[in-house]
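# Geometric and topological summary
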Amino acid sequence: THTVCYDSGYLNTVMARSSITYIDGEQGIMRYRGIPIEQLAEQSSFLEVAFLLIFGDLPSKGQLDQFSKLVADHSFLHTDICDYMRSFRYDAHPMGIFISSMAALATTIPAGDLQQLDKHIYRILGQASTIAANAYRHRIGRAFNEPRMDLGYTENFLYMLDRLSERDYRPHPAIVRALDILWIVHADHELNCSTACMRHLTSARVDPYTAISGAASALFGPSHGGAAEAVVRQLERIQTIENIEPFLERVKAKEERLFGFGHRVYKSFDPRARILKEQVEKILELVKVEEPLFLVAKELEQRALQDEYFRARRLYPNVDFYSGVIYRALGFPTDFYPLLFAIPRIAGWLAHSREAQLAEAQLDVREHTHVVRPAQVYTGSAPRPFVSLEAGD
Ligand code: CMC
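In this report, the structure presented in the accompanying data block is examined. The shown structure was predicted, so the numbers you read here are calculated from the model rather than taken from an experiment. (Residues numbered from 1 in each chain as written. Predicted model: local features only at pLDDT ≥ 70, side-chain atom pairs only at ≥ 80, totals over all residues. Heavy atoms only, no water.)

## Thoughts on the overall build of the chain
- The helix and strand tally for the chain stands at 18 helices and three strands.
- Against the compact-globule benchmark of 21 Å for 393 residues, the chain has a radius of gyration of 22 Å, which places it among compact chains.
- By principal-axis analysis of the C-alpha atoms, the chain measures approximately 70 × 55 × 55 Å.
- Burial statistics for the chain: of 393 residues in total, 50% are counted as buried.
- Residue pairs at least 24 apart in sequence account for 75% of intrachain contacts in the chain once pairs closer than 6 positions are excluded.
- Surface summary for the chain: the accessible area is close to 19700 Å², and the carbon and sulfur share equals 53%. (Helix = DSSP H or I, 4+ residues; strand = E, 2+ residues; numbered from the N terminus. Rg over C-alpha atoms; globule rule 2.2 N^0.38 Å. Buried < 20%, exposed > 50% of the residue type's maximum accessible area, 1.4 Å probe, protein only. Contact = heavy atoms within 4.5 Å. Areas by Shrake-Rupley, 256 points an atom, 1.4 Å probe, with all protein chains shown as cover.)

## Points about the nonpolar core
- Judged by nonpolar contacts, the single largest core of 112 residues is most densely connected at Tyr32, Phe98, Phe157 and Trp183.
- Among the elements that line this core, the one with the most residues is helix α17 (residues 337–361), at eleven residues.
- Each residue touching Trp183, except ones within four places of it in the same chain, is listed here: Phe46, Tyr153, Thr154, Phe157, Tyr327, Leu340, Ile343 and Pro344. (Core = buried A, V, L, I, M, F, W, Y, C linked by side-chain atoms within 4.5 Å.)

## Considering the site of the ligand
- The environment of the ligand is formed by 19 residues, the closest being His224, Lys254, Arg257, Leu258 and Gly260.
- In the model, a nitrogen atom of the ligand is placed 2.9 Å from a nitrogen or oxygen of the Phe261 main chain.
- At 2.9 Å from a nitrogen atom of the ligand is found a side-chain nitrogen or oxygen belonging to Tyr309.
- When the free accessible area of the ligand is taken as 930 Å², the share hidden by the protein chains comes to 75%.
- Among the residues forming the shell around the ligand, the class breakdown is seven nonpolar, six polar and six charged. (Near = heavy atom within 4 Å. Polar contact = N/O pair within 3.5 Å; in protein donor to acceptor, adjacent residues only side chain to side chain. Nonpolar A, V, L, I, M, F, W, Y, C, P; charged D, E, K, R; others polar.)

## As for the packing of aromatic side chains
- Taken as a whole and assessed by the stated rule, the structure comprises 19 aromatic pairs.
- Here the aromatic rings of Phe261 and Phe310 are separated by 5.8 Å at their centres, their planes lie at 65 degrees, and the arrangement is edge-to-face. Of the two residues, Phe261 is situated in the loop between α12 (244–252) and α13 (271–287) and Phe310 in helix α15 (residues 308–312); the sequence distance between them amounts to 49 residues. Residues Phe261 and Phe310 agree in their burial class; the two are buried. (Phe/Tyr/Trp six-rings, centres within 6.5 Å; stacked < 30°, edge-to-face > 60°.)

## A closer look at the sheet that holds strand β3 (residues 35–36)
- Reading across the sheet, the three strands line up as β1-β2-β3 and stay open at both edges, with antiparallel pairing between neighbours. The sheet terminates laterally at β1 (21–24) and β3, the two strands that pair on one side only.
- Pairing between β1 and strand β2 (residues 29–32): four bridges, direction antiparallel. Bridge pairing in β2 links Tyr22 to Arg31. (Pairing = 2+ DSSP bridges.)

## Focus: the pattern of salt bridges
- Under the definition given, this model contains 23 salt bridges.
- With a closest N to O distance of 2.7 Å, Arg148 and Asp150 form a salt bridge.
- Its relative accessible area of 19% is what places Arg148 among the buried residues.
- Residue Asp150 is classed as exposed on the basis of its relative accessible area, which comes to 52%. (Salt bridge = Lys/Arg side-chain N within 4 Å of Asp/Glu carboxyl O.)

## A short note on unusual backbone geometry
- Even without glycine at this site, Tyr10 takes up a positive phi of about 55 degrees.
- Non-glycine residue Arg314 carries a positive phi angle of around 55 degrees.
- For Arg314, a relative accessible area of 34% translates into the label partly exposed.

## A word on helix α5 (residues 94–105)
- The end-to-end C-alpha distance of α5 is 16 Å, a good match for the 16 Å that twelve residues give at a rise of 1.5 Å each.
- Counting buried positions over the twelve residues of α5 gives nine, a clear majority of the element.
- Every buried residue of α5 is accounted for by Pro94, Met95, Ile97, Phe98, Ile99, Ser101, Met102, Ala104 and Leu105.
- Of the surrounding secondary structure, the elements contacted by the buried residues of α5 are α4 (79–86), α6 (117–139), α10 (208–219) and α17. (Expected span 1.5 Å × (residues − 1).)

## Considerations on the state of the cysteines
- In total, this model carries zero disulfides according to the counting rule given.
- In this structure Cys5 is not part of a disulfide, and its nearest cysteine sulfur, from Cys193, lies 19 Å away.
- The exposed category is assigned to Cys5, whose relative accessible area is 57%.
- Unpaired in terms of disulfides, Cys193 finds its nearest cysteine sulfur in Cys197, a separation of 6.8 Å. (Disulfide = S-S within 2.5 Å.)

## A closer look at the layout of surface pockets
- Estimated volume of the largest pocket: approximately 1600 Å³.
- As for the largest pocket, its lining consists of 47 residues, and the residues nearest its centre are Cys193, Ser223, His263, Arg264 and Val265.
- For the lining of the largest pocket, the secondary-structure elements that each account for two or more residues are β1, α9 (193–203), α15, α16 (319–329) and α17.
- The element that contributes the greatest number of residues to the lining of the largest pocket is α9, accounting for four residues.
- When its residues are assigned to classes, the lining of the largest pocket shows 23 nonpolar, 14 polar and ten charged. (1 Å grid on protein atoms, 1.4 Å probe; cavity = no way out; pocket = protein on both sides within 12 Å on 5 of 7 lines; lining within 4 Å. Points joined across faces, edges and corners; volume = space filled by probe spheres on them.)

Set out below in structure tokens:
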């Protein structure tokens, strides 16, 4: 017999032992495999962090070169997948295209090859960025670009998005670096909704492509990875500094939520937000775009931080408040933001899935040996007989 406890948001339920990411929400601390996020954001690259998360330690130079090459080697898409992607409506949401195409990838691999995650780690990382770039190209009505194996991960991604002709186009190195930092801070965040979903799906032994597609679906929700998009849409609606006060009144009356504020775990500040706040200044300086929206964002942040409603509830800007503003400054279409969160988070999903599979392979009974299957409290009808349509007349 089990004792059950009603915990609909899993606030008190531990579903895994994990050695990937450490978070202290009270102190605003976050570490990947023990290394502070601030040091990683400053000194490493996204692929180095992906390796750290997935395999447990920082790679040596040789390991990183080999890992980068394997990811690049696997970044080309099957032509069937490209054709499939072209068949979406011109205005289809890029995240919808990504979720469907990632699941479709499973159909291009022989069924017997699908169970071992390690075989697919490079392919998933490599192809995810190509799928995302294609989703963007489809959205703007341009031909797909082929990946370039001689470029770094984020550089290649930006290259595939923007290359317009045969010119040897290269993205600006400062923007490549900014994207690396954004992707490092987004790469994992322990058992957030989509990662819990990834572990959930892994427990059912679905293939890794379908599982990544499912985790990406969870990420798409506006309370999770859709928040950066929601932040910018909200700023667009507020439009002017004068509208901030009435907007905040509506938030306090619970008529709406201030997107980009609050976090389930961080109750002092979000360390990722602190890193990105610095980047906002740098990017705005670099791109020299002057838009009222950025002034509105700054003012809204200041007023909310001083407001008693937000202070009492310990609501601070989260990572999405700033990532939304950065993506806007870099000129990404608003509906592309969730995808810019999904690609780096794939590193975390793969790390968690691998950790769960390894624990299971070691047949440690304390670990993840069950299919995830929460209990419910039934609140429906008492037993009653079936009444046929005729009898009911
Ligand atoms: N705006 C206004 N009020 C808020 C907000 C907000 N953004 N967030 C929480 N509250 C209030 C909420 O109404 C409640 O008030 P009361 O105690 O009077 O009922 C109190 O604060 C506690 O809220 P909660 O919903 O119990 O807190 P939670 O920990 O379950 O919610 C959250 C976390 C992120 C879902 C929530 O803060 C939120 O909806 N924020 C806006 C959406 C957002 O920015 N999401 C991105 C999260 S960070 C990226 C990621 O990890 O995915």
